[in-house]
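Chain and residue survey
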Amino acid sequence: MAKKLAVIGAGLMGSGIAQVSAQAGWDVVLRDVTDEALRRGTDGIKASYDKFVSKGKLAAGDAEQALARITTTTDLDAAADADIVVEAVFEDVDVKRDIFRTLDGLVKDETVLASNTSAIPITKIAAATQRPERVVGAHFFSPVPMMQLCELVRGHRTSDETLATARAFAEGIGKTCIVVNRDVAGFVTTRLIAALVVEAAKLYESGVASAEDIDIACKLGFGHAMGPLATADLTGVDILLHATENIYTECQDGKFAPPELMRRMVDAGDLGRKTGRGFYQH
């Protein structure tokens, strides 16, 4: 019998997690607060499947079957019989805690509750439930169908069994996992990219080098596929500003304090690719 996954949030991350899970044979319910958000999410999933089919990486019949395994709803109660729930909503700890508090009263005792947060400590989210041992971080990367990594995060009380279940799920949908054993804000990956983006932005802000040259230095000097400022534009300057602020608030380490330039860019709406302008013109 197919396992059931509930994904809370139909944005880029949530729809991507739903897509790869359905392709791997999971029955998926995708939940968001509006029908419009769900339509955008499912349209994105179908377009991605179509692209894989056109490139010969996925059979048309398999794409149709995967799409048929995804249902959508605005009702959180639809997660009640899920084996695993993955939350993928906006990076706001209060929003996430509210969702987990509600899920805690809905789902089966053995259900694993996972958050796709990239920076918020899992322990803070788990504390909203009566089952912190069943809560884990499962940080996927965008775009989910293309990016192989999944960062699994132990909260202060996450059990070995829960971590093992989350690993089996992530590996079963084709991901390679790393484990974050201590629940520090930003985990491993967000701390690394945040520190690099902050320092790159400071170098650019102070006129040390152009954005292009800073990114070239990281690509050719360190073998990075993409420079930190181009990464900021791709991810969203606002998203990275929010992440660095979360980490800085938690640890008070100055290397995560975002430069004024990033704040002014966000104030001006220069958020990167999604607005046509960030550190680069798009």
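The preceding data block contains the structure.
Residues numbered from 1 in each chain as written. Predicted model: local features only at pLDDT ≥ 70, side-chain atom pairs only at ≥ 80, totals over all residues. Heavy atoms only, no water.

1. Quick notes on the packing of aromatic side chains
For any pair of aromatic rings, geometry is given as the distance between the ring centres together with the angle between the planes. Here is the rule: To pair, rings of Phe, Tyr and Trp, with the six-membered ring standing in for Trp, must have centres within 6.5 Å; the planes then decide the type, stacked if under 30 degrees apart, edge-to-face if over 60, and tilted in the middle. The helix count covers DSSP runs of H or I at least four residues long, the strand count covers runs of E at least two residues long, and both are numbered beginning at the N terminus. Here the term buried applies to any residue with accessible area under 20% of the maximum for its type, exposed to any over 50%, and partly exposed to those in between, with areas from a 1.4 Å probe on protein chains only.
Across all of its chains, the model carries three aromatic pairs by this definition. Arranged with centres 5.2 Å apart and planes meeting at 80°, the rings of Trp 26 and Phe 169 form a pair that is edge-to-face. One end of the pair, Trp 26, is in the loop between helix H1 (12-23) and strand E2 (27-31); the other, Phe 169, is in helix H6 (residues 160-172), with 143 residues separating them in the sequence. For Phe 169, a relative accessible area of 5% gives the class buried. Relative to Phe 279, the ring of Tyr 204 has its centre 5.8 Å away and its plane inclined at 70°; by these criteria the two rings are edge-to-face. In this pair, Tyr 204 is assigned in helix H7 (residues 189-205) and Phe 279 in the segment after helix H11 (260-268), connecting sequence segments 75 residues apart. Here Phe 279 falls in the buried class, since its relative accessible area comes to 6%. Clustering of aromatic rings is evident, with ring pairs tying together Trp 26, Phe 140 and Phe 169.

2. Notes on the sheet that holds E2
The cut-off we apply is this: Think of it this way: DSSP has to see at least two bridges between two strands before they count as a pair. Axis definition: a line fit to C-alpha positions, over the contact stretch in the case of helices; interaxial angles, taken between N-to-C directions, run 0 to 180 degrees. The contact criterion used throughout is that any non-hydrogen atoms of two residues lie within 4.5 Å.
Spatial strand order, E3-E2-E1-E4-E5-E6-E7-E8: eight strands in an open sheet with mixed pairing. Each edge of the sheet is formed by a strand with only one pairing partner; in this case those strands are strand E3 (70-73) and strand E8 (176-180). Strand-to-strand twist of the sheet, defined as the mean angle between neighbouring strand axes without regard to direction, takes the value 25°. Strand direction decides the pairing type here: strand E5 (residues 112-115) and strand E6 (residues 135-140), joined by three bridges, are parallel. Counted as the bridge partner of Leu 113 is Val 135 from E6. In the packing of helix H2 (residues 35-54) onto the sheet, contacts are made with E2 and E3, and the angle to E3 comes to roughly 165°. Lying on the sheet, H6 is in contact with strand E1 (4-8), strand E4 (84-87), E5, E6, strand E7 (149-154) and E8; it crosses E7 at an angle near 170°.

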